[in-house]
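Results of the structural survey
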Amino acid sequence: MTDQMAGDTLAASTGTTVVVQRSVSQPVKEVWRLLATPAGSEALLGEGGLLGDKGDSWRSVNGTFGVVRSYHPLEQIRFSWHADDDAPKSLVDLHLVKQADDSTVVEIRHEHIPGGWDAQAIAQHWEEALDRIADAD
């Protein structure tokens, strides 16, 4: 897969945005360390999903896939997200915000969700990812 994939455009970028967040009882550095491991990537992306550097592709066994668009250590990861091979691209932005020395807010913002997609199901998907990340800390 290359950085410029067929269908990897935001032609219909007027879709919905879903935002979910969770406070985890770990400092930002530890949450970031987890996300940089295969187990942390899978907690976020699903089984087989592995986050890399900017421009790297990822694919989960459930059929979701995308490309890392930005990667700012200890702060943010932004990646394209396709529900399956025929789905248009949407964007996911994960931010880490220091809440206290020993806690971090993990926020997932899924943008440009095409009309007709079930926003509640997508929110549930990311809530479950946050559960896995919190359980892994």
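It should be emphasised that the depicted structure is a prediction, and the values quoted were computed from it without experimental measurement.

1. A few points about the nonpolar core
The nonpolar side chains of a soluble globular protein tend to be buried, and buried together. In terms of nonpolar packing, the biggest core is built from 30 residues, with L44, F79, L96, I108 and W126 touching the most fellow members. When contributions to this core are tallied by element, the ones reaching two or more residues are β1 (16-24), α1 (28-35), α2 (38-45), β4 (76-81), β5 (90-100), β6 (103-113) and α3 (119-136). Ranked by the residues each element gives to this core, the list is headed by α3, at 7 residues. With residues up to four places along the chain from it excluded, the contact list for W126 reads V20, L44, F79, W81, V92, I108 and H110.

2. Concerning the pattern of salt bridges
Pairing is possible between side chains of opposite charge, provided their charged atoms come close. Applying the stated criterion to the full structure yields 8 salt bridges. Between E111 and R78 there is a salt bridge, with its nearest N and O atoms 3.0 Å apart. Of this pair, E111 sits in strand β6 while R78 sits in strand β4, and the two are 33 residues apart along the sequence. Just as E111 is buried, R78 falls in that class too. The class of E111 is buried, set by a relative accessible area of 15%. In the salt-bridge network here, residues are joined through shared partners; they are R78, D93, R109 and E111.

3. Some remarks on the sheet that holds strand β2 (residues 57-59)
Pairing between the strands of a sheet comes from backbone hydrogen bonds, and it takes one of two forms, parallel or antiparallel. Overall, antiparallel pairing links the 6 strands, which are arranged β1-β6-β5-β4-β3-β2 in an open sheet. Every interior strand has two partners, whereas the edge strands, β1 and β2, have only one. Each adjacent strand pair in this sheet contributes to an overall mean axis angle of 25°, direction not counted. With 8 bridges connecting them, β1 and β6 associate as antiparallel partners. What sits directly across from V18, in β6, is H110.

4. Description of the confidence of the model for the chain
Put simply, the chain has an average pLDDT of 88, and 88% of its residues get 70 or more. For residues 1-14, every residue scores under 50 in pLDDT, and the model assigns this stretch 26 contacts once sequence neighbours within four places are set aside.

5. Comments concerning the environment of A119
Relative to the helices and strands, A119 is located in helix α3. It is 8.0 Å that separates the C-alpha atoms of A119 and T17, two residues lying 102 residues apart in sequence. Contacts of A119, omitting those with residues within four sequence positions, involve T16 and V18.

Reading guide: rules and limits
- Residues numbered from 1 in each chain as written.
- Predicted model: local features only at pLDDT ≥ 70, side-chain atom pairs only at ≥ 80, totals over all residues.
- Heavy atoms only, no water.
- Core = buried A, V, L, I, M, F, W, Y, C linked by side-chain atoms within 4.5 Å.
- Buried < 20%, exposed > 50% of the residue type's maximum accessible area, 1.4 Å probe, protein only.
- Helix = DSSP H or I, 4+ residues; strand = E, 2+ residues; numbered from the N terminus.
- Contact = heavy atoms within 4.5 Å.
- Salt bridge = Lys/Arg side-chain N within 4 Å of Asp/Glu carboxyl O.
- Pairing = 2+ DSSP bridges.
- Axes fitted to C-alpha atoms, helices over the stretch in contact; angles between N-to-C directions.
- pLDDT = per-residue confidence, 0-100.

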